[in-house]
Structures are given as C-alpha cells and as structure tokens.
Amino acid sequence: MSEILGVNVVRWMEIILAIALTFMVAYILSSILNAILKKTSFPVETGKRIISVTKYATYAVGAILIIVYLAFDVIGALVGLGFLGLAIGFGLASVISNFAAGITVMISKSVVVGDEVKVAFFEGKITKITITKTVLETKDGEIVYVPNSFFLSNPVSRKKHLEATEHKHDIEKEGIV
C-alpha cells in the first residue's frame, strides 16, 4: 500500500519532512542568533557572517543525518571527509586564527575605531575593524591591514581614544533574517 509504481511513498515523505525540518531549524537558530546579536555591539557584517555560517552548519548536519537515515555507508565517506577536513584545517589555520581573534577583539573592545594604536611594528589610527583584519591609517596617510591575530599575540599600545564610536547596529534593519 505504501508503494506506488515501485516507489516507497512513506520513505520519500519522511525524507521530505526531514529536509523541511532542517530548513526550519536553520531558520529558528538564525532568528535566535539575530535577536542575540541585536543586543550586542557586533558590526553588521560580522553578524551576517555568523548567521550565515550557522545556517550552513545546520544544513550540513541535516544533510548528514538524512544520508545516515537512508542507510548509506557513511563510515568510508566520513573517513575521507575527515582527511579532507584535516588538510583544509592546516591550510586555513591562519584564517581561522584571525577569525577567532576578530571575534575576541570585537567582544572585548580592547581597541575600537578611532583609537591610535601600536601593535607589533604597525602604528596608526584604527579606521575599521572586520572579522579577520583591522585597518589602520598611519600618520603618513598609508592604509595598513593588520591581521586580528596580531592583537592577541603581541602587546598593544593604545595611545589615546580620539572619538567615541557607537558600534551597536540593528542587524534586523539590514535584512539578515
């Protein structure tokens, strides 16, 4: 009764339900994250990236669970993906380090836009802080892109806070969710 023209209808309904549930969980998680980020001082671009990564991670977990449900032999695939992940991890180690450092710098607010800082051999006024780098403008007018990991692994000298800046962004107005 559950087969029509040799196709197991119940099985396909379960798979479609699992896909819909995955999208629903991704939407709920991104909405919750959006509400949390609205109350913090994360820049809009950072909030967009964090929400995007959360959605894709949820989609990946949902896809893996659906594949496991289909009784696909995932052991060999997971071993291969593990080695691939290890290779990518070594290749992206500095990017991941700068990403984590960027989140730390933004949360701790040890430096903010407008500060004059000296970190390692870079010195200048902070004009922008992104998730992976901080942009400095030197006294000569040069623009220097400093990886955020420098702010965690080197002493930072903040000469003076020139102007108070408001970092609170309304992520909802930017149409993230």
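Up top is the structure.
About the thresholds
Residues numbered from 1 in each chain as written. Predicted model: local features only at pLDDT ≥ 70, side-chain atom pairs only at ≥ 80, totals over all residues. Heavy atoms only, no water. Helix = DSSP H or I, 4+ residues; strand = E, 2+ residues; numbered from the N terminus. Expected span 1.5 Å × (residues − 1). Contact = heavy atoms within 4.5 Å. Buried < 20%, exposed > 50% of the residue type's maximum accessible area, 1.4 Å probe, protein only. Pairing = 2+ DSSP bridges. Patch = residues over 30% accessible without salt bridge, like charges linked within 9 Å, V, L, I, M, F, W, Y side chains within 5 Å. Areas by Shrake-Rupley, 256 points an atom, 1.4 Å probe, with all protein chains shown as cover. Salt bridge = Lys/Arg side-chain N within 4 Å of Asp/Glu carboxyl O. Phe/Tyr/Trp six-rings, centres within 6.5 Å; stacked < 30°, edge-to-face > 60°.

Draft legend 1. Spotlight on helix α2 (residues 44-69). An ideal rise of 1.5 Å per residue puts 38 Å on 26 residues; α2 measures up with 38 Å between its terminal C-alpha atoms. Buried positions along α2 lie against α1 (9-38) and α4 (93-108). Just past α2, the residue Ala71 takes up positive phi, approximately 65°.

Draft legend 2. Local environment of the side chain of Thr58. Secondary-structure assignment places Thr58 in helix α2. Here Thr58 falls in the buried class, since its relative accessible area comes to 12%. Residue contacts for Thr58: discarding those within four places in its chain leaves Thr22, Val25, Ala26 and Leu29.

Draft legend 3. Expanded view of the pairing of strand β5 (residues 133-137). As judged from the four bridges shared by strand β4 (residues 122-129) and β5, these two strands associate in the antiparallel manner. Looking across to β5, one finds that Ile126 is bridged to Leu136. Bridge count between β5 and strand β6 (residues 143-147): five bridges; the pairing is antiparallel. Considered in β6, the bridge of Lys133 is made with Pro147. What sits between the antiparallel neighbours β5 and β6 is a turn of five residues, in which Gly141 has the positive phi angle 90°.

Draft legend 4. Seen up close, a nonpolar patch on the surface. Residues Leu21, Met24, Val25, Tyr27, Ile28, Leu29, Ile32 and Ile36 make up a contiguous nonpolar surface patch of roughly 740 Å² in combined accessible area. The residue Ile28 is located in helix α1 in this model. Overall, the relative accessible area of 43% leaves Ile28 in the partly exposed class.

Draft legend 5. Spotlight on the packing of aromatic side chains. Throughout the structure, instances matching the rule amount to four aromatic pairs. Ring geometry for Tyr56 against Tyr59: centres 6.1 Å apart, planes inclined by 75°, an arrangement best described as edge-to-face. With Tyr56 and Tyr59 both in helix α2 and three residues apart, this pair spans about one turn of that helix. The class of Tyr56 is exposed, set by a relative accessible area of 57%. Using a relative accessible area of 28% as the deciding quantity, one classes Tyr59 as partly exposed.

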